[in-house]
Amino acid sequence: MSASGPRSRVPSIRDVARLAGVSHQTVSRVLNEHPSIRPETRKRVEDAIAVLDYKPNLAARALVTSRSHTIGVLSATVGEFGPTSSIASIEDAARAEGYSVTTVNLPATTPEAIGDAIRQLTREQVSGIVALAPQVRVFNVLRGMAVGVPFVSLQTASGSDGYTLSADQVAGARAVTEHLISLGHTDILHLAGPQDWIEAESRMRGYLEALREADLPTFPPIRGDWTADFGYFAGTELVRRRDFTAVFAANDLMAIGLMHGFRDAGIDVPRQVSVVGFDDIPVAAHVWPPLTTVHQDFPALGQRAVQILLAEIRGEAVPEFGPVAPRLILRASSAPR
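Conventions we followed
Residues numbered from 1 in each chain as written. Predicted model: local features only at pLDDT ≥ 70, side-chain atom pairs only at ≥ 80, totals over all residues. Heavy atoms only, no water. Helix = DSSP H or I, 4+ residues; strand = E, 2+ residues; numbered from the N terminus. Buried < 20%, exposed > 50% of the residue type's maximum accessible area, 1.4 Å probe, protein only. Axes fitted to C-alpha atoms, helices over the stretch in contact; angles between N-to-C directions. Parallel < 35°, antiparallel > 145°, perpendicular 65-115°, else oblique. Left-handed = near helix turned anticlockwise from the far one by under 90°. Contact = heavy atoms within 4.5 Å.

K.L.:
Could you clarify how one ought to interpret unusual backbone geometry in this entry?
P.N.:
Peptide bonds are mostly trans, and most non-glycine residues show a negative phi. The residue after Val269, namely Pro270, is reached through a cis peptide bond having omega 15°. Take Pro270: it is sitting in the loop between helix 11 (252-264) and strand 9 (274-276). With an omega dihedral of -5°, the bond running from Trp288 to Pro289 counts as a cis peptide bond. Position of Pro289 relative to the elements: it lies in the loop between strand 9 and strand 10 (293-295). Non-glycine residue Asp196 carries a positive phi angle of around 85°. Positionally, Asp196 belongs in the loop between strand 6 (188-192) and helix 9 (198-213). Among the residues examined, Asp196 registers a relative accessible area of 22% and is labelled partly exposed. Look at Trp226: it is not a glycine, yet its phi comes out positive at around 80°. Along the polypeptide, Trp226 turns up in the loop between strand 7 (222-223) and helix 10 (228-238). Judged by relative accessible area, Trp226 falls into the buried class, the value being 5%.

Next up, the structure:
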């Protein structure tokens, strides 16, 4: 840029092209990560962008691409019942308001992968972003990023720079543990979720709080991985112990696998051991015995996320929501001691 040029003029894509020695079409392809660009050309363009501090005109690009009515979803999990249900609800609520939804699934939970995903969404001109961030490390990275558009996270931690929505995981875990205590169980194990998962830590906290308030003994939690396979493995191993009468599994899949393992080992559920889960996945009512669990209103979380984003986008007052209350579902897998 010439020192004699207007000092207030914002650098354009043609300025970047001129400095990099390429066409403005090439700069556009670099910005859109076109695979045909050679690495050395990409580097020249990126260096020119850095020197000029060039910022793409997002509003203009949105008009061209007709993508201004889009909500982005950043998902750190694939295939889990809760996030999948929330995404479906986000899509329904957005469609009712004339918005489409684009979802990016993280291939990894590293800062680099999260940054790349956010940049991909902003290139697609999303008007706002909902982040499903169930892991502490994902949440911490997102909290430190300048996203640049309205932002809502769905998890149970607090302190986000944007708006945070959550289901009350602690209350749900307390309810299911208190249910087992009310049935006369005093030795209750906890099959927990993976370390670093916000939901796993919250559910463990609710379990421990309920036991402490009832002045009952606590056992070291057994760390699982959310899968039915791990639950089955835990069931076949736990039959060697005789120091418990009930197990609270941190999700339904592990609870179902646990009951399978108990059954194969000759342990009757619930006559010998009561088992409870969490999430109320559709199959929970149809396994044998039907699973006592905690129902979460995942659709409500998705609907509230869209309401918050649209209020921000439109410059309206942002609605305030408390945690979504869970609901205990009593079925045959838990019985009096």
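So, next bit.
K.L.:
Sorry if this is basic, but what is going on with the packing of helix 5 (residues 81-96) against helix 12 (residues 298-314) here?
P.N.:
Two quantities define a packed helix pair, namely the angle between the axes and the distance from one axis to the other. For the pair helix 5 and helix 12, the least separation of the axes is 7 Å and the interaxial angle reads 45°. Judged by the inter-axis angle, helix 5 sits oblique to helix 12. In this structure, the crossing between helix 5 and helix 12 has a hand that is right-handed. Side by side, helix 5 and helix 12 meet where Phe81, Gly82, Ser85, Ser86, Ser89, Ile90, Ala93 and Ala94 of the first sit next to Phe298, Pro299, Leu301, Gly302, Gln303 and Val306 of the second.

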